[in-house]
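Results of the structural survey
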Amino acid sequence: MKYRNFGKTNDLVSVLGFGCMRFPTIGGDSANIDEEKSFAMLKYAMDAGVNYFDTAYPYHRGESERLVGRFFQQVGGRENVHIATKLPSWLVKSPDDLDRLLNEQLEKLQMDYIDYYLLHALNKDHWQTMKDNAAIQWAEKVMAAGKIRQLGFSFHDEYPVFEEILTSYDWSFAQVQYNYMDIENQAGAKGVHLAGERGVSIVVMEPLLGGRLANPPQPVAALWDQSETKRSPVDWALQWVWDQPEVSVILSGMSTLEQVQQNVESAKQAVVGQLTQAEKELISDVRVEYKRLSPIPCTNCQYCLPCTVDIKIPELFGMYNEARMYDSLESTRQWYGHVDDAVKASACIDCDACEPKCPQNIVISDWMVKVAAVMEEGKSFEDVM
Ligand code: SF4
Ligand code: SF4
């Protein structure tokens, strides 16, 4: 395993962090985590040198923190790893909620301190909530009391908001969505460089853009095949992120032991500045090809849910994108045909409840019209361009 400096102390974190939000589950219920399989994955990662474990209050509908707590109680070694979890900023209604939520999290984790505490999912509104409730002043007190060691934030909004938050406090670290497709979205490359200049460590989430970079369509696979360096699409995506000096750790929300094993192997190759100019140009070509093929930039984060009329927004967007990327419109229409009419795209009432919650700023109601036209009315992709 390779390690990099982290935050304002002498911590060394593994370049691969275990994102505890996509554990295997039983019966399709995200709160029903398959503990045996998940423990095996966590143990493999820990034995391979992974020392950064990232959970959060809402992951697996509240069960991720509990599972992480049970794992370290059973297996031990908590003192050798760094546990990150996050204050659910959207649940803070008064300053009293800050202590209440942190204490609940410590109890669920069965720990008396958290290494890295993040203000979760900051955007313009949630940042205002944090300021209104003096969350940073509160965090400084709980850091002094030893309940948390370092303070950071995770981010979902546009660059100007990132700059405002980043420069408002002497943060230890910032967690951002970053991958070779997202250099101009959210914090983007500009935000990552600004963090580096200020000595703020970068934790990267969504390095595979919600898994979409893992299984490339034929035109993208053909581009990868042109390279003299042979790497899997996942490895290309990870090495692109690790190539950058501002990045301390990549979080991967792993769902199988095989994924853990593959990511551990990739992490062994993580070196800053290793990509050649030709390799960077190839990645740039891949970016252009993906943009051409995948029209809706949905990462399946599910922040837009629930929809007012219960449309499974990311599921429908996933179908639309895959039909486009894999050139499989007819089979996707059959699949789409199984969706209940009451929750098809045409059921959207354009209520605007979902759009402010979308970190990708997707104009969801407009896309619903296009999805309905292609999937329900027999229009072609070109018809709705
Ligand atoms: S705009 Fe459409 S998709 Fe969004 S919440 Fe309203 S009904 Fe659902
Ligand atoms: S539409 Fe936006 S909020 Fe909803 S899952 Fe996709 S990226 Fe997330």
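A short tour of the structure in this document, coming up.

Here is what the cut-offs are and how they apply
- Residues numbered from 1 in each chain as written.
- Chains lettered and ligands numbered in written order.
- Predicted model: local features only at pLDDT ≥ 70, side-chain atom pairs only at ≥ 80, totals over all residues.
- Heavy atoms only, no water.
- Helix = DSSP H or I, 4+ residues; strand = E, 2+ residues; numbered from the N terminus.
- Rg over C-alpha atoms; globule rule 2.2 N^0.38 Å.
- Buried < 20%, exposed > 50% of the residue type's maximum accessible area, 1.4 Å probe, protein only.
- Lys, Arg positive; Asp, Glu negative; His and termini not counted.
- Charge placed at Lys NZ, Arg CZ, Asp CG, Glu CD.
- Near = heavy atom within 4 Å.
- 1 Å grid on protein atoms, 1.4 Å probe; cavity = no way out; pocket = protein on both sides within 12 Å on 5 of 7 lines; lining within 4 Å.
- Sits in = over half its atoms within 2 Å of the grid points.
- Nonpolar A, V, L, I, M, F, W, Y, C, P; charged D, E, K, R; others polar.
- Points joined across faces, edges and corners; volume = space filled by probe spheres on them.
- Pairing = 2+ DSSP bridges.
- Axes fitted to C-alpha atoms, helices over the stretch in contact; angles between N-to-C directions.
- Right-handed = clockwise from strand over helix to strand, strands pointing away.
- Core = buried A, V, L, I, M, F, W, Y, C linked by side-chain atoms within 4.5 Å.

This part covers the overall build of the protein chain. On a plain count of helices and strands, the protein chain comes out with 14 helices and 12 strands. Computed over the C-alpha atoms, the radius of gyration of the protein chain is 21 Å, within 12% of the 21 Å expected from 2.2 N^0.38 for a compact globule of 385 residues. In terms of principal-axis extent, the alpha carbons of the protein chain reach across some 60 × 50 × 45 Å. Out of the 385 residues in the protein chain, the part that is buried amounts to 55%. Computed over 36 positive and 55 negative side-chain charges, the separation of the two mean positions in the protein chain equals 2 Å.

Near ligand 1 you find C307, T308, V309, I313, C348, I349, D350, C351, D352, C354 and I364, and these make up its full shell. Under a 2 Å grid-point criterion requiring more than half of the atoms, the pocket assigned to ligand 1 is the largest cavity. Each residue belonging to the shell around ligand 1 can be placed in one class, and the counts come to 8 nonpolar, 1 polar and 2 charged.

Reported here for the second largest pocket is a volume of approximately 220 Å³. Each residue belonging to the lining of the second largest pocket can be placed in one class, and the counts come to 5 nonpolar, 3 polar and 4 charged.

This brings us to the sheet that holds strand 3 (residues 16–19). Reading around the circumference, 3-6-7-8-9-10-11-12 is the order of the 8 strands in this closed barrel, with parallel pairing throughout. In this sheet, adjacent strand axes meet at a mean angle of 30 degrees when their direction is disregarded. Note: strand 11 (residues 201–205) against strand 12 (residues 247–252), 3 bridges, orientation parallel. Each residue of the ladder has a partner; that of I202, found in strand 12, is V247.

The environment of ligand 2 is made up of 13 residues, and the closest members are C298, C301, Q302, C304 and C358. In a pocket analysis with a 2 Å cut-off to the grid points, ligand 2 is assigned to the second largest cavity. Per-class residue counts for the shell around ligand 2 are 9 nonpolar, 4 polar and no charged.

This part takes up the pairing of strand 8 (residues 114–122). Among the 9 residues that make up strand 8, 9 are buried, leaving the element largely enclosed by the rest of the structure. Where strand 7 (residues 82–87) meets strand 8, 4 bridges bridge the pair, whose relative direction is parallel. Bridge pairing links T85 to Y117 in strand 8. Regarding the hand of the β-α-β motif, the stretch spanning strand 7, helix 3 (residues 96–109) and strand 8 is right-handed.

All right, on to the nonpolar core then. Within the largest apolar cluster, 90 residues are counted, with the highest numbers of intra-cluster contacts made by F18, F53, F72, L119, F153, W171 and Y180. Ranked by residues supplied to this core, first place goes to helix 9 (residues 233–242) with 7 residues. Counting 29 residues, the second largest nonpolar core, distinct from the first, contains L329, M368, V374 and M375.

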